[in-house]
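# Summary of structural features
Below are the chains, spelled out letter by letter.
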Amino acid sequence: MKLLLVDDEWITRDGIMDSIPWSSLGIEKVEEAEDGLQALELADRLHPDILLTDVRMPRMDGTELAYRIRRRHPGCHIIFMSGYTDKEYMKAAINVSAAAYVEKPIDLAELRSAIEKAVFLSLQDKQLNDMKQTLQNSILALKHELALHLIRKSVPPETLAEWVRLICPDLPVESEFITIVVKPPAERKYAEDYKALLLKTMAHMTQTALAGEGFPVILSVKDDEWVVAHCCVENDPSGERIVAACHRLAAALNQAGRAELSIGRRVTRLFHVHDSYMSAIANFTEPGNGLADSQVKVFTTEAQAAHDSKRFPKPRKNPAVSEILKYIDEHYADEELSLQQISRHMYLTPSYICVIFKEEMNSTINQYIAHVRMERAKEALRDRRMKVKDVAARVGFSDSNYFAKMFKKQTGLTPKEFREIAVE
């Protein structure tokens with residue numbers, strides 16, 4: 001506890017300093033000032049819990065000092081001392097909610113009682129503030145948990161609805177939402193502690209930026225990988241405002257280090273945001289989807305369909321390509337499946353197969369094999385009875401760790417994360 005003593009009479013200050021048992025009252029630090037101006041400067045450094053001030057002083061009197069202290073340090077409790085019984089000073093004490101008013105000459109017992117009262121009020125304030133901070137931290141932690149549960153689909157909708165009513169009573173759950181994913185660049189490697197701090201900073205900036213532009217949002221950091229923000233876009237039917245807000249957010253994040261943003265598809269009701277989340281994650285693995293700016297990707301059904309069609313179109317001309325596709329579809333589980341094996345089956349040279357396949361499918365053989373394997377893996381992962389290593393073996397991978405690495409490269413999710421989201 002800190003107290004600032006202000007009086008233009010040094011004899012009074014010395015007498016008070018020597019006569020009050022400060023430490024026994026719970027006051028660890030006391031500083032002195034001889035007038036209001038000096039006291040104001042000291043207060044900005046000391047941040048006093050209690051101001052014990054004379055009323056009549058040169059340069060700045062005690063009432064003016066009290067008003068200014070209260071504006072700068074609203075939690076400070078004020079005790080006035082004065083040899084005058086002027087009603088104006090009493091009014092001033094009332095207006096600044098003074099803890100006490102002690103008349104001069106000072107009665108030490110009365111002064112001690114006034115200080116004890118101010119100490120008690122300060123301790124009450126501190127306890128109340130601690131309780132408020134604990135409550136705020138608890139609510140924030142619950143909001144973070146809720147943001148993650150919404151994409152896991154592991155909690156029944158009726159339970160989620162009850163949680164939302166308790167944690168986010170003002171969130172319009174029946175409105176339209178999108179999920180925004182913010183992550184550091186995949187190619188950058190960070191120390192574990194630095195990455196945790198970076199993601200925490202990104203989460204804070206995302207919350208502040210989106211809420212500041214009028215978008216209610218709940219968010220969290222997922223698996224120390226990226227920020228997941230569920231954003232209500234009820235007042236943005238065209239989606240233009242949220243896209244512009246994300247561009248501004250990306251520019252702000254770049255001040256701390258380059259970040260990438262992905263905006264998922266619009267969904268109806270908060271409890272469908274897992275679909276928006278999946279589309280946002282897909283954006284990161286779909287180059288060219290959405291806007292041209294690689295820092296902000298926007299999911300659109302048309303862009304996704306066009307991209308998929310361009311990447312893996314149905315063969316139109318060469319019947320050999322149709323035969324290759326059929327062979328891959330029948331042998332994707334074979335760990336030895338390769339261009340050479342297909343070449344032997346087709347009685348065609350590897351170089352010729354590469355040319356005709358690329359021309360028809362706009363993809364290499366290996367890319368297409370990986371695509372088929374991951375699609376089959378997604379189907380298998382929906383069965384919770386199958387272990388990840390068994391899924392890996394089923395789609396042609398003897399090493400389950402390598403399979404998990406390739407799956408995340410293709411989908412943006414680990415097999416466990418995909419199963420968590422995809423399985424009801």
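Further up the page is the structure itself.
Residues numbered from 1 in each chain as written. Predicted model: local features only at pLDDT ≥ 70, side-chain atom pairs only at ≥ 80, totals over all residues. Heavy atoms only, no water.

One finds Tyr277, Ile324, Ile328, Ile342, Phe357, Ile365 and Phe403 to be the most contacted residues of the largest nonpolar core, which totals 41 residues. Those elements that place two or more of their residues in this core are β8 (226-232), α9 (273-284), α11 (319-331), α12 (339-346), α13 (350-361), α14 (365-381), α15 (388-394) and α16 (400-411). Among the elements that line this core, the one with the most residues is α14, at eight residues. If we ignore the near neighbours within four places in the chain, the residues touching Ile324 are Ile342, Met346, Ile353, Ile356, Phe357 and Ile365. Grouped together as the second largest cluster of nonpolar side chains are 27 residues, Ile180, Leu198, Val217 and Leu261 included. (Core = buried A, V, L, I, M, F, W, Y, C linked by side-chain atoms within 4.5 Å. Buried < 20%, exposed > 50% of the residue type's maximum accessible area, 1.4 Å probe, protein only. Helix = DSSP H or I, 4+ residues; strand = E, 2+ residues; numbered from the N terminus. Contact = heavy atoms within 4.5 Å.)

Assignment of secondary structure puts Asn318 in the loop between α10 (301-311) and α11. Engagement of the side chain of Asn318 in a polar contact is seen with the backbone nitrogen of Ala320, the distance being 2.9 Å. When sequence neighbours within four positions are dropped, the list of residues in contact with Asn318 reads Tyr352, Ile356 and Glu360. (Polar contact = N/O pair within 3.5 Å; in protein donor to acceptor, adjacent residues only side chain to side chain.)

The next point concerns the pairing of β8. Extensive coverage of β8 is indicated by the burial of seven of its seven residues. The alternating pattern of β8 places Trp226, Val228, His230 and Cys232 and Val227, Ala229 and Cys231 on opposite faces, both of which are buried. With six bridges joining them, strand β6 (residues 176-183) and β8 adopt antiparallel strand pairing. Bridging across to β8, Ile180 finds its partner in Ala229. As judged from the six bridges shared by strand β7 (residues 217-222) and β8, these two strands associate in the antiparallel manner. Paired with Val221 across the bridge in β8 is Val227. Here β7 folds back onto β8, and the loop between the two strands holds three residues, one of which, Asp223, carries a positive phi near 50°. (Pairing = 2+ DSSP bridges.)

Attention now goes to helix α6 (residues 157-167). Of the positions making up α6, those classed as buried are Leu160, Ala161, Val164 and Ile167. For α6, the arc enclosing every buried residue in end-on projection is 145°, short of the 170-degree limit, so these residues lie on one face. In this structure, α6 carries Glu158, Arg165 and Leu166 as exposed residues pointing more than 90 degrees from its buried face. Contact partners of the buried residues in α6: α5 (108-152). (Arc of directions from axis to C-beta.)

Attention shifts here to the pattern of salt bridges. This model, assessed by the stated rule, comprises 21 salt bridges. For Glu116, the salt bridge goes to Arg112, with nearest N and O atoms at 3.3 Å. Here Arg112 and Glu116 lie together in helix α5, a separation of four residues that amounts to about one turn. Given a relative accessible area of 35%, Arg112 falls into the partly exposed group. For Glu375, the salt bridge goes to Lys378, with nearest N and O atoms at 3.2 Å. With a gap of three residues between them, Glu375 and Lys378 both fall in helix α14, about one helical turn apart. (Salt bridge = Lys/Arg side-chain N within 4 Å of Asp/Glu carboxyl O.)

Let us look at unusual backbone geometry. Phi is mostly negative for residues that are not glycine, and the peptide bonds are mostly trans. Going from Lys104 to Pro105, the amide bond is cis rather than trans, its omega being -5°. Turning to its location among the elements, Pro105 is positioned in the loop between β5 (100-103) and α5. The backbone of His47 sits at a positive phi, close to 55°, despite the residue not being glycine. Looking at where His47 falls in the secondary structure, it is placed in the loop between α2 (36-46) and β3 (50-54). Given a relative accessible area of 43%, His47 falls into the partly exposed group. If you check the backbone angles, Arg59 has positive phi at about 65° while not being a glycine. Within the secondary structure layout, Arg59 lies in the loop between β3 and α3 (62-72). Taking the relative accessible area as the measure of exposure, Arg59 reaches 63% and is therefore exposed.

Right, let's talk about the sheet that holds strand β4 (residues 77-82) for a bit. The strand order across the open sheet built from five strands is β2-β1-β3-β4-β5, with neighbouring strands paired in parallel fashion. The sheet is open, and its two borders are formed by β2 (29-33) and β5, each paired with just one other strand. Each strand axis lies, on average, 15° off the axis of its neighbour in the sheet, ignoring direction. As defined by bridge partners, β4 adjoins β5 across four bridges and the pair is classed as parallel. (Axes fitted to C-alpha atoms, helices over the stretch in contact; angles between N-to-C directions.)

Right, let's talk about the packing of aromatic side chains for a bit. Per the counting criterion, the structure on display carries four aromatic pairs. Where Phe397 meets Phe403, the ring centres are 5.5 Å apart and the plane angle is 55°; that geometry is what we call tilted. The same class applies to Phe397 and to Phe403, which are both buried. Through successive ring pairs, a cluster of aromatic residues spans Phe397, Tyr402, Phe403 and Phe407. The ring of Phe397 has Arg373 lying over it, and the distance from NZ or CZ to the ring centre is 5.5 Å. (Phe/Tyr/Trp six-rings, centres within 6.5 Å; stacked < 30°, edge-to-face > 60°. Lys NZ or Arg CZ within 6 Å of the ring centre and 35° of its normal.)

This next bit is on the packing of α12 against α13. At their nearest, the axes of α12 and α13 sit 9 Å apart, and the two run at 100° to each other. One element, α12, and the other, α13, form an angle in the roughly perpendicular class. For the pair α12 and α13, contact is made by Leu339, Ile342, Ser343 and Met346 and by Pro350, Ile353 and Cys354, respectively. Each residue belonging to the contact of α12 with α13 can be placed in one class, and the counts come to six nonpolar, one polar and no charged. (Parallel < 35°, antiparallel > 145°, perpendicular 65-115°, else oblique. Nonpolar A, V, L, I, M, F, W, Y, C, P; charged D, E, K, R; others polar.)

Below, the discussion takes up the environment of Leu249. Following the sequence through the fold, Leu249 ends up in helix α8 (residues 240-253). For the pair Leu249 and Met202, spaced 47 residues apart in the sequence, the C-alpha separation amounts to 9.6 Å. Among residues more than four places away in sequence, those in contact with Leu249 are Met205, Thr206, Ala209 and Leu261.

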